[in-house]
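# Descriptive analysis of the structure
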Amino acid sequence: MMKSICTRGPKSPISFFDDRRPTIDDATVVHRPSSIVHIVGGLPPTCIRFSLILLAALLLVTLAGCGGSGITETSRTEHYNVQLSLDGAGFGERTATIDVSDLSGKPVSADQVVLSPVMQQMGMASPEVTAQPVAPGRYQARGEFFSMVGEWSVAVRVSAGGTEETASFKIPVKG
Ligand SMILES: [Cu+2]
């Protein structure tokens, strides 16, 4: 992509991106003080813009691909809106933040909020974790919720005023 848009004559600084063998001309380009600014400075403006967009896109893909990015999902039960935020949907220890509000948006102070990760296709389950209150309507739990790549479902059981409601979340785990 880069090549088709950016390629000009063989002596242009763009020859960086060519995969042909280096020539003397290329060598002089390569051996110039090669700061990013220097390289980018030699490109036509459309190329610079395109390169920056490409760079940003690559960064996003990289972040999303390694399970390092967070996930936030919401789910409604009979009386509550429940939001589950995970700092990542991969293996290892994760932090889950659960926000519980009533249908008018007021934070719910629950007696207990329990997180229960299950992988239904395989009949697998991770240990349940009781979340601790950290702010009005907000609960937090840490644990190794996921141990396998695939679709997990996380049930969040909210107990308040003697009744219990369960919010379900589908979490794609990438490992
Ligand atoms: Cu499994």
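Within every chain, residues take consecutive numbers counted from 1 along the sequence as written. Only residues with pLDDT of 70 or above have their local features reported here, since the model is predicted, and side-chain atom pairs are shown and tallied only from 80 upward, although totals for entire chains, interfaces and linings are computed over all residues.

### Focus on the confidence of the model for the chain
As a per-residue quantity, pLDDT reports the predictor's confidence and falls between 0 and 100. Looking at the chain, pLDDT values average 77 and 61% of them are 70 or higher. Contact definition: two residues whose C-beta atoms, as placed from backbone geometry, lie within 7 Å. For the stretch residues 1-20, pLDDT sits under 50, and the model shows 23 contacts to residues farther than four places along the chain or on other chains.

### Digging into the pairing of strand E6 (residues 129-135)
Pairing between strands is defined by DSSP: at least two bridges between the two strands are required. Numbering of helices and strands starts at the N terminus; helices are DSSP runs of H or I of at least 4 residues and strands are runs of E of at least 2. Pairing between strand E4 (residues 112-119) and E6: 3 bridges, direction antiparallel. Considered in E6, the bridge of Leu115 is made with Val129. Alignment of E6 against strand E7 (residues 138-143), held across 3 bridges, turns out to be antiparallel. Note on E7: the bridge partner recorded for Pro133 is Tyr139. In textbook terms, the turn of a hairpin is the stretch between consecutive antiparallel strands, and for E6 and E7 this stretch comprises 2 residues, one of which, Gly137, has a positive phi near 75°.

### Looking at the nonpolar core
We define the nonpolar core as any set of buried residues of the types Ala, Val, Leu, Ile, Met, Phe, Trp, Tyr and Cys, connected via C-beta atoms lying within 7 Å of each other. Any residue whose C-beta has 12 or fewer other C-beta atoms within 10 Å is treated as exposed, any with 20 or more as buried, and any in between as partly exposed, C-beta atoms being built from the backbone. Counting residues in hydrophobic clusters, the biggest one holds 23 residues, and the most contacted among them are Val82, Leu84, Ile98, Val100, Val113, Val156 and Val158. For this core, the elements supplying multiple residues, two or more each, are strand E2 (80-86), strand E3 (94-102), E4, strand E8 (150-160) and strand E9 (163-173). Setting aside residues up to four positions removed in sequence, Leu84 forms contacts with Glu73, Ala96, Ile98, Val154, Val156 and Phe169.

### Observations regarding the pairing of E2
In summary, the side chains of a regular strand alternate between the two faces of the sheet. Of the two faces of E2, only the one carrying Tyr80, Val82, Leu84 and Leu86 is buried; Asn81, Gln83 and Ser85 on the other face are not. Here strand E1 (residues 71-76) pairs with E2 via 6 bridges, running antiparallel. If you follow Thr74 over to E2, its bridge partner there is Gln83. Linkage of E1 to E2, two consecutive antiparallel strands, is achieved through a turn of 3 residues. Bridge count between E2 and E3: 7 bridges; the pairing is antiparallel. Along E3, the bridge assignment pairs Gln83 with Asp99.

### Some thoughts on the environment of Ser159
With respect to the element layout, Ser159 can be found in strand E8. Residue Ser159 is classed as partly exposed on the basis of its 13 C-beta neighbours within 10 Å. Residues Ser159 and Val113, 46 residues apart in the sequence, show an inter-C-alpha distance of 6.3 Å. Among residues more than four places away in sequence, those in contact with Ser159 are Ala110, Asp111, Gln112 and Glu164.

### Overview of the environment of Gln132
Relative to the helices and strands, Gln132 is located in strand E6. For the pair Gln132 and Gln112, spaced 20 residues apart in sequence, the C-alpha to C-alpha distance is 8.2 Å. With residues near it in sequence (within four places) discarded, Gln132 still touches Tyr139 and Gln140.

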